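# Descriptive structure summary
Listed below are the residues making up each chain.
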Amino acid sequence: MGALPLVQGQALFDSTALSDVTTASPKYVLNLGASWTYGKASAKLSEVIYGPSSEWENDNFDTNGNNAVYYQDKIGVIPTTNLELGYELMKGLTVSAGAVNLFNRYPPKQNSELLAVQRASTDNGAVQIYPGFSPFGINGGFYYAKAMYSF
C-alpha cells in the first residue's frame, strides 16, 4: 500500500482500515434460486456465489516490535447452497427442514505467515483461524427445522 495520511505522527487510516472499505466485501454476489410446490410438498433451493475479497491485517507489532507488519488474507470465489424442504400437514400448518450453507463450506484459513508469527509470540489473535470478513461467516453450515402456521 502507498503512503498513508498522518495525524500527529499516526496513520489516519492504516492498511487494514483501507482494505476494510475497499476490498473486504466481495466484488459481487450472485443469487440464483428456484422453488417448487407439488401438492402439499415444497422445496426451495438457492445458490449464492460470492466474488473474491481480501483484507490486510497487521501483526500487532509481533514481528519486530517497532513497526506493524501487514499480511493479506484472500478469499476467492466461493459458492454456497441453501435448501429448504417443507410439507403442509394441515391447512395453515407447514413443517420444514433446511440448511444455510448445506455443504458446510468454510473460507480459506487466515494467512499462514501471520498465524505463525502470532503463535510464536503467544498473541491471542491466532485463536481465530478464519478471516472475520468472510461474507458467509466462519461457522460452516447451519441446519434447522421449523413449523409455520398461517391464519
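Residues numbered from 1 in each chain as written. Predicted model: local features only at pLDDT ≥ 70, side-chain atom pairs only at ≥ 80, totals over all residues. Heavy atoms only, no water.

## Section: the pattern of salt bridges
Opposite charge on two side chains makes pairing possible when the charged atoms of those side chains draw close. Where we set the bar: Between Lys or Arg on one side and Asp or Glu on the other, a salt bridge is scored when a side-chain nitrogen of the former is within 4 Å of a carboxyl oxygen of the latter. In this text, helices come from DSSP runs of H or I with a minimum length of four residues, and strands from runs of E with a minimum of two, each type numbered from the N-terminal end. We call a residue buried when its accessible area falls under 20% of the maximum for its residue type, exposed when it is over 50%, and partly exposed in between, using a 1.4 Å probe and counting protein chains only.
Here the structure, examined in full by the defined rule, presents 1 salt bridge. We note a salt bridge from Glu84 to Lys146, for which the minimum N-O separation is 3.5 Å. Residue Glu84 is located in strand β7 (residues 78-90), and its partner Lys146 is located in strand β9 (residues 142-149); the two are separated by 62 residues in the primary sequence. The class for Lys146 is partly exposed, based on a relative accessible area of 38%.

## Notes on the layout of surface pockets
Stated precisely, the cut-off is as follows: A 1.4 Å probe that fits but cannot get out identifies a cavity on a 1 Å grid over protein atoms alone, an open set with protein on both sides within 12 Å along at least five of seven lines counts as a pocket, and a residue lines either if it has an atom within 4 Å of a point. Grid points are joined across faces, edges and corners, and a volume is the space filled by probe spheres set on the points. Note on residue classes: Ala, Val, Leu, Ile, Met, Phe, Trp, Tyr, Cys and Pro are nonpolar, Asp, Glu, Lys and Arg are charged, and everything else, Gly too, is polar.
Considering only enclosed or pocket space, the largest pocket measures out at about 210 Å³ in volume. In this structure, the largest pocket is lined by 14 residues; those nearest its centre are Ser42, Gly86, Thr94, Ser96 and Met148. Of all the secondary-structure elements, those providing two or more residues to the lining of the largest pocket are β4 (41-50), β7, β8 (93-100) and β9. The greatest single-element share of the lining of the largest pocket, amounting to 4 residues, is contributed by β4. Within the lining of the largest pocket, the residues separate by chemical class into 3 nonpolar, 6 polar and 5 charged.

## Concerning a nonpolar patch on the surface
Put simply, the rule reads: A patch is a set of surface residues, each over 30% in relative accessible area and not in a salt bridge, joined within 9 Å for like charges and within 5 Å for the nonpolar side chains Val, Leu, Ile, Met, Phe, Trp and Tyr. Note on areas: these come from Shrake-Rupley sampling with a 1.4 Å probe, and a residue is covered only by the protein chains present in the view.
Where nonpolar side chains cluster on the molecular surface, the patch consists of Tyr28, Leu30, Leu32 and Val77 and spans about 360 Å² of accessible area. Tracing the backbone shows Leu32 in strand β3 (residues 29-38).

## As for the environment of Trp36
Defined as follows: What makes two residues a contact is simply this: any of their non-hydrogen atoms within 4.5 Å.
With respect to the helices and strands, Trp36 occurs in strand β3. Each C-alpha atom, one on Trp36 and one on Asp59, is 49 Å from the other, the two residues being 23 residues apart in sequence. Residues within four places of Trp36 in sequence aside, it is in contact with Ala41, Ser42, Ala43 and Leu45.

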